[in-house]
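So you can see what is in the structure, the chains are spelled out below.
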Amino acid sequence: MKNERSFEVLSNLLEINNERLEGYESASQVTEEHDLKTLFSQLSQTSLRCRQELIEEIKNQGGEPLEN
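Sequence order sets the numbering: in each chain, residues are counted from 1 along the sequence as written. For this predicted model, a pLDDT threshold of at least 70 governs which residues receive local features, and a threshold of 80 or more governs which side-chain atom pairs are given and counted, while totals over whole chains, interfaces and linings are taken from all residues. The basis for every side-chain value is the complete set of heavy atoms in the structure, and neither hydrogens nor water enter the calculation.

Visitor: Describe in detail the nonpolar core, supporting the description with residues and values.
Guide: As a rule of thumb, nonpolar side chains are buried together in soluble globular proteins. Remark: nonpolar core denotes a set of buried residues (Ala, Val, Leu, Ile, Met, Phe, Trp, Tyr, Cys) joined through side-chain atoms within 4.5 Å. Here's how the labels work: a residue is buried when its accessible area is under 20% of the maximum for its type, exposed when over 50%, partly exposed in between, all with a 1.4 Å probe on protein chains only. Residues Phe7, Leu10, Leu14, Leu54, Ile55 and Ile58 constitute the largest nonpolar core, which totals 6 residues. To qualify as a helix, a DSSP run of H or I must reach at least 4 residues; to qualify as a strand, a run of E must reach at least 2; elements of each kind are numbered from the N terminus. Mapped by element, the contributors of at least two residues to this core are helix H1 (4-30) and helix H2 (34-60).

Visitor: Hey, could you go over the packing of aromatic side chains for me, with residue numbers and the actual values?
Guide: Aromatic pairs are defined between Phe, Tyr and Trp rings, using the six-membered ring for Trp, whenever the two ring centres lie within 6.5 Å; interplanar angles under 30 degrees are classed as stacked, those over 60 as edge-to-face, and all others as tilted. This structure, assessed with the given rule, holds 1 aromatic pair. When the centroid spacing of 6.4 Å and the interplanar angle of 25 degrees are considered together, the rings of Tyr24 and Phe40 count as stacked. Highlighted residues: Tyr24 in helix H1 and Phe40 in helix H2, separated in sequence by 16 residues. By relative accessible area, which is 17% here, Tyr24 ends up buried. Residue class for Phe40 comes out buried when judged on its relative accessible area of 16%.

Visitor: So what's going on with a negative patch on the surface? Which residues, and what values?
Guide: Nonpolar side chains (Val, Leu, Ile, Met, Phe, Trp, Tyr) within 5 Å and like charges within 9 Å form the patches, drawn only from residues with over 30% relative accessible area and no salt bridge. Areas reported as accessible are Shrake-Rupley estimates using a 1.4 Å probe. Residue values count occlusion only from the protein chains shown. When a carboxyl oxygen of Asp or Glu lies within 4 Å of a side-chain nitrogen of Lys or Arg, that pair is called a salt bridge. His is not counted here, nor are the chain ends, while Lys and Arg score as positive and Asp and Glu score as negative. Working definition for charges: the position is that of NZ of Lys, CZ of Arg, CG of Asp or CD of Glu. Side chains of Glu15, Glu19, Glu22 and Glu25 sit close together on the surface and give a patch of like negative charge. Relative to the assigned elements, Glu15 resides in helix H1.

Visitor: Before we move on, could you go through the pattern of salt bridges and cite the residues and values that matter?
Guide: Two side chains bearing opposite charge may form a pair once their charged atoms approach each other closely. Within the structure shown, the criterion is met by 1 salt bridge. Residue Glu8 pairs with Arg5 through a salt bridge whose shortest N-O separation is 3.1 Å. Here Glu8 pairs with Arg5, and both are found in helix H1, just 3 residues apart, close to one helical turn. Residue classification places Glu8 among the partly exposed positions, given a relative accessible area of 41%.

Visitor: So what about H2? Which residues, and what values?
Guide: Helix span, expected: 1.5 Å multiplied by one less than the number of residues in the helix. Taking 1.5 Å as the rise per residue, H2 with 27 residues should run 39 Å; its terminal C-alpha atoms sit 39 Å apart, in good agreement. Within H2, the full set of buried residues consists of Phe40, Ser44, Ser47, Leu54, Ile55 and Ile58. Just past H2, the residue Gly62 takes up positive phi, approximately 90 degrees.

Quick look at the structure:
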């Protein structure tokens, strides 16, 4: 990869994003409130898009995304 520091930062962001996705899934399973389930679903969809963008950027810079 061109810039090892960029890869490290992007990988950390990917890890944080993946943990956030797990949190939204857990929170959605715990709550009975329909509004909260909807909110967690929307936030999860946003995080899925972010994850894809991070993976693409890592690849664009010549790196290989780390798997969780």
